[in-house]
Every structure is written in structure tokens, then in C-alpha cells.
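Residue-level structural notes
So the chains spell out like this:
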There are 2 protein chains.
Amino acid sequence: MSPWTSAVGAPQLARLLGSQHTRDATAASPADGPAASPVAVLNGNRRVPAYRALADGVRLLLLEGRVPVAARLPAERELAAALTVSRTTVAAAYEALRGEGFLESRRGAGSWTAMPAGSPLPTRGLDPLPPEAAASVIDLGCAALPAPEPWLTRATRGALEELPPYAHTHGDYPAGLPALRQALADRYTARGVPTMPEQIMVTTGAMGAVAATCRLMTRPGERVAVDSPSYANVLQLMREAGARLVPVAMADHLAGWDIPAWRQVLAAAAPRMAYVVADFHNPTGALATEEQRRSLVDAARAAGTVLIADETMAELRLDDDVELPRPVSAFDPAGSTVVTVGSASKTFWAGLRIGWVRAAPDVIRSLVAARAYADLGTPVIEQLAVAWLLNTGGWEEAIEIRRALARDNRDALVAAVRRHLPDWEFTVPHGGLTLWARTGGLSGSRIAEAGARLGVRVPSGPRFGVDGAFEGYVRLPFTVAGAVADKAAERLAAAADLVATGATAEAEAPRTWVA
Amino acid sequence: MSPWTSAVGAPQLARLLGSQHTRDATAASPADGPAASPVAVLNGNRRVPAYRALADGVRLLLLEGRVPVAARLPAERELAAALTVSRTTVAAAYEALRGEGFLESRRGAGSWTAMPAGSPLPTRGLDPLPPEAAASVIDLGCAALPAPEPWLTRATRGALEELPPYAHTHGDYPAGLPALRQALADRYTARGVPTMPEQIMVTTGAMGAVAATCRLMTRPGERVAVDSPSYANVLQLMREAGARLVPVAMADHLAGWDIPAWRQVLAAAAPRMAYVVADFHNPTGALATEEQRRSLVDAARAAGTVLIADETMAELRLDDDVELPRPVSAFDPAGSTVVTVGSASKTFWAGLRIGWVRAAPDVIRSLVAARAYADLGTPVIEQLAVAWLLNTGGWEEAIEIRRALARDNRDALVAAVRRHLPDWEFTVPHGGLTLWARTGGLSGSRIAEAGARLGVRVPSGPRFGVDGAFEGYVRLPFTVAGAVADKAAERLAAAADLVATGATAEAEAPRTWVA
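Everything quoted here is computed from the prediction, not taken from an experiment. (Residues numbered from 1 in each chain as written. Chains lettered and ligands numbered in written order. Predicted model: local features only at pLDDT ≥ 70, side-chain atom pairs only at ≥ 80, totals over all residues. Heavy atoms only, no water.)

Take the nonpolar core next. By size, the foremost hydrophobic cluster in this structure holds 98 residues, and its most contacted members are M238, W257, W262, Y275 and L307 of chain B. In terms of residue count, helix α9 (residues 205–217) of chain B provides more of this core than any other element does, eight residues in total. If we ignore the near neighbours within four places in the chain, the residues touching Y275 of chain B are V210, A225, V226, D227, S230, Y231, V234, M238, W262, I308 and D310 of chain B. Of all hydrophobic cores here, the second largest spans 96 residues; its members include L61, V226, L237 and L307 of chain A. (Core = buried A, V, L, I, M, F, W, Y, C linked by side-chain atoms within 4.5 Å. Buried < 20%, exposed > 50% of the residue type's maximum accessible area, 1.4 Å probe, protein only. Helix = DSSP H or I, 4+ residues; strand = E, 2+ residues; numbered from the N terminus. Contact = heavy atoms within 4.5 Å.)

The subject of this paragraph is the sheet that holds strand β4 (residues 110–113) of chain A. Sheet strands line up and pair through hydrogen bonds in the backbone, either parallel or antiparallel. Residues and elements named next belong to chain A. Strand order in the open sheet made by the four strands is β1-β2-β4-β3, with mixed pairing throughout. Every other strand in the sheet has two partners, leaving β1 (6–7) and β3 (103–106) as the edge strands with one partner each. Pairing between β1 and strand β2 (residues 71–73): two bridges, direction parallel. Within β2, the residue paired with S6 across the bridge is A71. Sitting on the sheet, helix α5 (residues 87–100) touches β2, β3 and β4, and the angle it makes with β3 is about 110°. (Pairing = 2+ DSSP bridges. Axes fitted to C-alpha atoms, helices over the stretch in contact; angles between N-to-C directions.)

Glancing now at the confidence of the model for chain A. Residues and elements named next belong to chain A. Residues with a pLDDT of 70 or more make up 87% of chain A, whose mean pLDDT is 86. Low pLDDT, under 50, characterises residues 119–124; the predicted model gives this stretch 18 contacts beyond four residues in sequence or across chains. Note on residues 505–515: pLDDT is under 50 here. Beyond four places in sequence and across chains, it has 17 contacts. If you check the scores for this complex, the pTM reads 0.83 and the ipTM reads 0.81. (pLDDT = per-residue confidence, 0-100.)

Residue and element names in this part refer to chain A. For the pair helix α7 (residues 151–167) and helix α14 (residues 380–392), the least separation of the axes is 7 Å and the interaxial angle reads 115°. Crossing of α7 against α14: the hand is right-handed. Here W151, R154, A155, T156, G158, A159, E162, L163 and Y166 of α7 lie close against α14, whose contacting residues are V380, I381, L384, A385, W388 and L389. Residue classes in the contact of α7 with α14 are distributed as eleven nonpolar, two polar and two charged. (Left-handed = near helix turned anticlockwise from the far one by under 90°. Nonpolar A, V, L, I, M, F, W, Y, C, P; charged D, E, K, R; others polar.)

Before going further, it helps to examine the interface of chain A and chain B. At the junction of the two partners, chain A supplies 52 residues and chain B supplies 52 residues. Roughly 4100 Å² of surface becomes buried between chain A and chain B when both sides are summed, with 65% attributable to carbon and sulfur atoms. Area buried by chain A at its contact with chain B is led by L160, H170 and Y373 of chain A, which between them contribute 18% of it. One can count zero salt bridges joining chain A with chain B. There are twelve residue pairs in polar contact (both at pLDDT 80 or more) connecting chain A and chain B. In terms of residues, the side of chain A that touches chain B owes the most to one element, α7 of chain A, which gives eight residues. Here the side of chain A that touches chain B is composed, by residue class, of 28 nonpolar, 14 polar and ten charged. (Buried area = accessible area lost by both parts, 1.4 Å probe. Salt bridge = Lys/Arg side-chain N within 4 Å of Asp/Glu carboxyl O. Polar contact = N/O pair within 3.5 Å; in protein donor to acceptor, adjacent residues only side chain to side chain.)

What follows covers the pairing of strand β8 (residues 244–249) of chain A. All names here are of chain A. The element β8 is largely enclosed, with a buried count of five among its six residues. Sheet analysis places strand β7 (residues 223–228) next to β8, joined by six bridges and oriented parallel. Residue pairing for β8: D227 is matched across the bridge by V248. In terms of handedness, the path from β7 via helix α10 (residues 232–240) over to β8 forms a crossover that is right-handed. (Right-handed = clockwise from strand over helix to strand, strands pointing away.)

All names here are of chain B. With respect to the secondary-structure elements, T439 resides in the loop between β13 (434–438) and α16 (444–453). Given a relative accessible area of 0%, T439 falls into the buried group. At 2.7 Å, the side chain of T439 forms a polar contact with the backbone oxygen of L442. Discounting residues that sit within four places of it in the chain, T439 has contacts with W424, G444, I447, G472, Y473 and V474.

Residue and element names in this part refer to chain A. For the structure on display, the rule yields 36 salt bridges over all chains. Across the pair R457 and D139 runs a salt bridge, and its minimum N-O distance is 3.5 Å. Here R457 is found in strand β14 (residues 456–457), whereas its partner D139 is found in strand β5 (residues 138–139), with 318 residues between them in sequence. Taking relative accessible area as the criterion, D139 reaches 30% and is therefore assigned partly exposed. D279 serves as the salt-bridge partner of R293, at 3.0 Å between the closest nitrogen and oxygen. Note that R293 is positioned in helix α12 (residues 290–303) and D279 in the loop between β9 (273–276) and α12, a separation of 14 residues in sequence. Exposure class is identical for R293 and D279. Each is buried. One continuous salt-bridge network, built from bridges that share partners, spans R52, D56 and E100.

This part takes up the side chain of T340 of chain B. Tracing the sequence through the fold places T340 of chain B in strand β11 (residues 338–343). Aside from chain neighbours lying at most four places away, what touches T340 of chain B is Y188, A309, E311, S329, W356, V357 and R358 of chain B.

Moving on, we get to the sheet that holds strand β1 (residues 6–7) of chain B. Residues and elements named next belong to chain B. Pairing in this open sheet of four strands is mixed, and the strands run β1-β2-β4-β3 from one edge to the other. Two strands in the sheet have a free side with no partner beyond their single neighbour: β1 and β3 (103–106). Packed onto the sheet, helix α5 (residues 87–100) meets β2 (71–73), β3 and β4 (110–113) and runs at close to 110° relative to β3.

As a further point, take the relation of the copies chain A and chain B. For the pair of chain copies, the relating transformation is a rotation about an axis with a translation along it. Between chain A and chain B, the superposition needs a rotation of 180° and an axial shift of 0.0 Å, giving an RMSD of 0.1 Å. The superposition operator between the copies reduces to a two-fold rotation axis. Same-surface contact between copies: 100% of interface residues of chain A are shared with the interface of chain B. (Least-squares fit on C-alpha atoms with pLDDT ≥ 70 in both.)

Two strands pair when backbone bridges link them, and β3 of chain B and β4 of chain B are joined in this way by four bridges, in the antiparallel orientation. For E104 of chain B, the partnering residue across the bridge sits in β4 of chain B and is W112 of chain B.

This next bit is on the packing of helix α1 (residues 10–18) of chain B against helix α4 (residues 76–83) of chain B. All names here are of chain B. With their axes 9 Å apart at the nearest point, α1 and α4 run at an angle of 50° to one another. The pairing of α1 with α4 is recorded here as oblique in orientation. Helix-helix and strand crossings are classified by hand; for α1 and α4 the assignment is right-handed. Every residue of α4 that contacts α1 at A10, P11, L13, A14 and L17 is listed here: E78, L79, A82 and L83. A breakdown of the residues in the contact of α1 with α4 according to their chemical character gives eight nonpolar, no polar and one charged. (Parallel < 35°, antiparallel > 145°, perpendicular 65-115°, else oblique.)

Bringing the packing of aromatic side chains into the picture now. Two aromatic rings, taken as a pair, are described by how far apart their centres are and by the angle between their planes. Evaluation of the coordinates by the stated rule reveals 14 aromatic pairs over all chains. Measuring from centroid to centroid gives 4.7 Å for W436 of chain A and Y473 of chain A, while their planes differ by 10°, and the two rings are stacked. Of the two residues, W436 of chain A is situated in strand β13 (residues 434–438) and Y473 of chain A in strand β15 (residues 473–477); the sequence distance between them amounts to 37 residues. An angle of 70° between the planes, with centres 6.1 Å apart, marks the rings of Y166 of chain B and Y173 of chain B as edge-to-face. A single burial state applies to Y166 of chain B and to Y173 of chain B, both of which are buried. Put simply, the rings of W436, F464, F470 and Y473 of chain A pair up and form one aromatic cluster. Directly above the aromatic system of F464 of chain A lies the positively charged group of R463 of chain A, at a separation of 6.0 Å from the ring centroid. Directly above the ring of W151 of chain B sits R154 of chain B, whose terminal nitrogen or CZ lies 4.7 Å from the centroid. (Phe/Tyr/Trp six-rings, centres within 6.5 Å; stacked < 30°, edge-to-face > 60°. Lys NZ or Arg CZ within 6 Å of the ring centre and 35° of its normal.)

Spelled out as C-alpha cells, the structure:
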């Protein structure tokens, strides 16, 4: 057991449970305002025993990171009193949690939250749309934009001019082309983080960067602390690599890092690695302050945790009046703690598949050596194109096009959701490509299912959480403009109506799509 | 224990051990002709106990696949008689092998070969050359050629013309661009294997294809049967994925598949997967006959083993008079057993990083869905370039350029090695990009070390084997022309002289490189 403990008091746990209520057609009534008994509301008329509803509630708080791992839970008697349920109910709930690995108890000492040792069940993503559906379905599954032309064409032409000397080589550049490593290093230096090309490895997208770092740094069964919610594909990549994900809850506002919670988790769980998106977080859009960055890095260093800072969204500031903090790596001058991951996919175009890692030279050397047994290298022409963009100023101009488009799309989406779904709650982010919307107490998964039948695809909240958290959310990307955003929100509202009236369970999704 | 057994008789095992003798400066004498006692020769004056030398010999035979896994070894008394050593020596050797997991015994029933459950020690590859060394070192580490210009430039221009409609999308094509899937499917159909685009996924190189298939098909600890020797990077990829590699020895001639041995291993070890390079095998250059292909596929089907057929080298026939057999997949019309992996890297250019998988549509769907948690997709421009090549006939013309270059390089290399290293043995392959050379009884690893100091980099045999096999080999690629091939062979001969005279151990590799 950890030498360190935190405790969650009975009133605090009752309050947290009370904030979880989910309204849907099978619940007793719409739960407006705090419920008299959270357990009763959770229970509703779903014919779930009260102890099971309580256990599920605690489990969800743990999976969302709202109750940290290794925190002491209240004594059964105290929690029973706070929830006005019987002690037997609490005892049975604790027993169920123990059986599932979410609770560890020692007689006379109390009970502590835990994460099960086994891999959590993977949350699979959205399958690619069948081509015949693509025309009639508004696909909000992927937070990526079209290429900021004419810059893709110009950059490819630029690459073509640089190509001849490279064509005379075998084309195998495991660390990336020297020209691109230099250009990316210069960009970090310009952002206030002095960087040498030896600190850069070019990868196949940010996912390639995260995958390589995971393979190098962690072994199956080791802990990885993650924002909760976090980027769905990275969570799944880490699950498949055998990581034990330890969620740390984001706060409900845009400077959303709960630093005391991070300190607790890093100190208590001593994870091998932590993964954060400090710049326009995916999916919430939150932007970490300089103080939060410094605190995160300091806590990671103290815990011996490698902090992966994913900067994929970092250049997508949409509101000019927002001041950008320095990069996370600026708070790690020794280069011992932070590994930065970047990508051209959101900033420029996902069709390039260009990402990179910035780390200490010895880490980069190890990553490069390991690459012989993974993807070997990144395509040359795309690297030349990105180097051309960075060296000619085209990168900045392309980003301005991107920002303007994402800003317009964001504003259209926000207006459309407010119009058609007035009880959905969200905070409008100042950057990034996603809106994290609380679905008015309805199940995000059911809305996603109903939406698929009504011609709109959205990823539901649980994809962005650890093992089932965030049922009451969906993620909406800034990828469609005015009329389409309105149509998408209209279809989502229809889907939400189906869910609210209980009409969703009656039929399986048909094989055809409604236009 | 398997219901099936094979047995290795004492005279057979003695003969196999006798064929292993390695000559180097620390051995008693050059071993020309069969030795009186293999154990004595193995032992030499290296001050290794006789039992240890015998255990090492058996271990190596197992790792090279020359003695199959789950084969019954002779009784101690019989082997002692055949080797003219004491029974105590054999008993101690068997005991050592049991301790290392290479042997399982049951009292009264005998002893069977086994592979240890733990991951074998990885054999790391060659680190990338430091840039300051690249000018003075002949790098024979990588079997890849320059781009067959003008086709790379033409194909990229072609891609640029096709780009505009794709630039208007988010660029995310997890299965690959429809145009390229169609072109690749058509090519299989033209080769006699009717194929639909739904059977193709475009990957990031052949390594991306093998990695994705491994992730989908195997779990850590499962067995994967492999040619022995085999492609070094794939072996290491599988080790890192936790596979238990089961080697199956290649025969010493160019139609090198030992089908009875494959049948034995597939039936006895029932591996989850098998990986073969049937077309101009890497590193030996061997080409499987149609009958071998049919037998391999039938045996894999019977064992429930997925057979990965790596066709990376398939189009690199160098001698026109060699008849190409049908693809391995032609012998699996139901599509239930064979997964084919292909790549443009050797045939066209490694700098593109375009590979693919051909499999049943349901396997492709699973691979595509899993990709969201790996590399997400393959770059668009390179895909358009390869589709352009395939659709315009440029592919065929580029391959002709490639073949002519590889053929000239092969002939230059063969002549140079024969000139400078007359006691090295090899069979000249009719295709592919590599020569697998037996180094006249010297240690390939020591030659590689000495070569690095003398300005020539070669990968030594053990990189292509399971856990230390093939110490007496190096792999030489068809990547350099006349004068350079001669210089490389000259340096290798100097390296071999150093090893033969025992002059290699005296100094660490200096930091500077000899021109």
C-alpha cells in the first residue's frame, strides 16, 4: 500500500454521486436540480439493486478521475448516513467494488480506491463509414479539416524541387530528413525552447510519436496517468500496449487541470508515464496556464514520471485575445522529464501523416534505433513538403487559413447546438478543434446510436474516458460550416428526442442511411 | 505434450553437431573436413567444458531450426557413444538445456526439444551511421536502392495532378485510397489471384503491414513459426510483440524450404502464425516452388495457422530464365489461411513507405478498424504516386530499371567476393537483393565488428536468426556497383584476416572511421 493517503469524506462522496444523475426515458423522472437521494436517482426504475447503483456510481467517479486512485473511502456507516440508505447497501456496494478490483480493504484500517490490474475493456472507435453512406451522413467522427490550399499543392511542388538529391539515396531516414529536423528545432527555439536537430525525430503522425515513446518507455502492466477525458485513440493505443490507465479528472472549466489531483496521483501511483494535452485539450479545448504547466512538470519530475506533452493542437488558437503560454517543455530545461509530441495533421493536413517527437538527444537516439522494428521511417516527399512550408513562411499562412476556418466552424456549431439543443452544456474553447458537450443528462452512447440512424455520426463520451466514464457527453468537431452544422444539430436534437422518449431500443440500426 | 513426435537419432545429431564447427583464431586448428569429435572441435582450447559445448551445439541447432521443436533427442547413452564422450557429459548437457528451457524430459519417456517461454534476448540492429561517417564508410547494412528515376519524379508530378479532390477531404483514409486499393487488386488479379479492392489495405511499408497483422492475430506468448534465417527486422518486431519464435531451418540450396520440417513444426507447435518470404527470400534469395507453396499452405491450413507471405521481393527477379511460381495466395482460394504482405520499398523506393496487406475482406475490415490506434493511415501523396505508376505502366518500366541495377550490382558483388574472399561460400540467387554468405568458418559478428573499423558495415548472421543462430554468416546486399563492391570486399577480406589472426580483440572501435 502507498505510504501516502488521501481521503474522500462521506458528504463529499454523496455530493459527487449526486452530480452524476443521468436522465433518460427509463429513469423515474427528469432530474432537474439535486435529487433527494443520489442512489435512488441512479437507481430509478431500471430495476438495478441499490447496492449495484452505488457501486456503479463510485466506479464511474473513479474512472473519470473525480475520485483519485488510492483514496480512502468513508466508513460504511458514515456513507450510509450521508446517502440515507442502509448500511447493508453500502457494505454490498463495497464488496462488489472489491470483487471488481476497484477497492482494496484491510480489516481495521479501511478501504482504498484502486484500479484493476487487468486491462480494462477496450472502447472501440467508430468504424470507417461505408462509401455508400458517406454522401448522406454528416460525419462528425473525425476532428480534421481539409488541406489549407493552395499551400498543400505549393508545398508538394516545393518538395518535388528538393527531391532529386534524395532520390539518389535509398530513402531510409529513421530519424527524419536533416532539413526537417532542423526546421522543427528552429521552430521550438523560436517559441522559447532552445532545441537542436538531434532532439527531434520525425514520425508517422503524432500517433506514431506516442506509440514509439510508449514502446520505449513502458512495459505491459505499468501505469500511465492520463487526463480524464483524453484523446480517444491514444487511450486505446495505450490500452493495447498493456498500460494500466490511471485517470486524473479535468475540472469543468477551460483552465481545466486539477493540479492537486495530479500531484496526488503522481505521488501515489508513481506512474511510469503521464500523457497530457495541455494546449487546447482534446476533447475539452482547455488550455493549461503557465503555472499549471510548471506544477505538472515539477510533480512529474519528483515522481520519476515521463510526461508526454501532446502539442498537436498547440497552434490552433482561435481567439486572438488569448495569450499562449510557453510550451510544457519550457519548464523542463534539463530535458529529463518532458517528451513533446507534435503533428502537422491538425495544423496543416492529416493526409500528410507527419508528426514528431522532441526529447533529449539520448531519448531520440533510442527511439530512432527502435524504429527499425516498427515503421522504419516517414515518407520523404511529405517531409520535404513540411520543411518547405516551415522554411518559406507558408506554414504561418496556411495556419491562418486553418484558424479562420476552424473559428467560423466553431461559431456555427455553437450557434446551431444552442438553437437545437438548448439544454446541452459546454464551455466554448478558445482553440483546438472540438466541443465537449454535456448532453442534458441523456446517454451520449444512445444519442450516438440514434444519430447514426438519423444521418449524423458523433463519438460518444465513453470513447474519451477510461472504461465507461463520460456516458453523459458527446464530442463535436469544428469541421463543418453553417448550414451543415445546423443540419447536424437538428439531427442530433431528433436523436436526443428519441433517446428521451425511449424510442431508441425498438429497432436495430438499419443498413441504409437517412439523407 | 504434443500427441505427435519426431525423433532425432544419435548418428544424425552427431552429424549435425559436426557440421557446426567454427574456425577462428582461438580454436585449436582450422577444421578442414569432418572432425573426429564434434564436441572436441566445438570445445577447442576455449576452455569451455565439454558438456557446455555440447549444450551450446544442440541449442544452436534448435535455434537455427535444424533440429525441430518438440523432437525427441537420443538417449544419453546413445548420444555419448555416437560422440565418443562420456555419458556424464551428455547428462550434464541435457541438464543445462533443461535449465535453459530448451529441453523437457519425463522419466521413462525421454527428452524433447523445446523453446523457452520467456522472450529470447533481442538482437539489436545496426544503429544509423553518424553523418560524419557516411562519407567514408561503405554501408552494406540496408538492402535498398536509390529511386528508379525519372519515375519517382514523374509519379510525384502525377500525384500532384490527382491531388486537388483529395485536398478537399480531411485526408484520413485508414484502408488506403480507393484508387490505390483498386490498382493493387487489379495487379493481383493479373498475377492469377482474383482480388477485390475490399481485400486490400494500404499500410506504411511492409513493416506496417506485418505489425498490424501481428497485433490483430497474435497475443504475447503465442508461437510464430519463421524461416530460419529470416528478415531481421520482422523477427525483432515479433520479439518485441512478445511472440515465441519457432525457427524452421531453410535448406542450403535455393529452393530452400524443408517442407517435412515445416509440416512437423506446424503440426507439433500449432503456431498461431507463420511468416515466410517465399519469393526471393531475405536473406538467402531462395524462391519457393509451386509445390512447396501448396504444401506450406495446406500444412498451415491443417494446423489452423495464419500464414503471412511477405512478397516484398517478389518482383525482383534478376535472371530472365527463371520461371516465377504463382503467388502463395493462389494456393488458398478460400482466403482462410494466407495473409499476403507487399511493399513498394524494394521494387520502387523505400522513401515512399508504401506497403499493403492482401487478405479476406473480414480480416481487412478488422485491420482497418484497429488502425485508429496505430498509425491512422498512410500518406495520400505517396499513395497517389504508386497508383499513378500502376495505372500508367510506369511501374513496369521502373521495375525494369531496378532489376537491371540490382543484377549488375549482384554480379559485381559476387565477382568481388570470389576475388577477395575465395573461401566464403554462397549460392548466387536469381532474385531479391541479398547474398547470404558463409564466412569460411569465421565469426560473422567479429567480421562485422572489424569491418566497422575498416570502413565497411555489414549485418552479421545472428541478426537473421533466433537468439544467436548463424554466427558463421553475413548478409551482403546488391546495393553498390563495380569499384565500390570491390573495395567493400577488399575491406571485408582485411576484416576477416583480423578475425582469423585473432587481432580483433585488442582494441575497441575507435570513434573515427577509416576511409
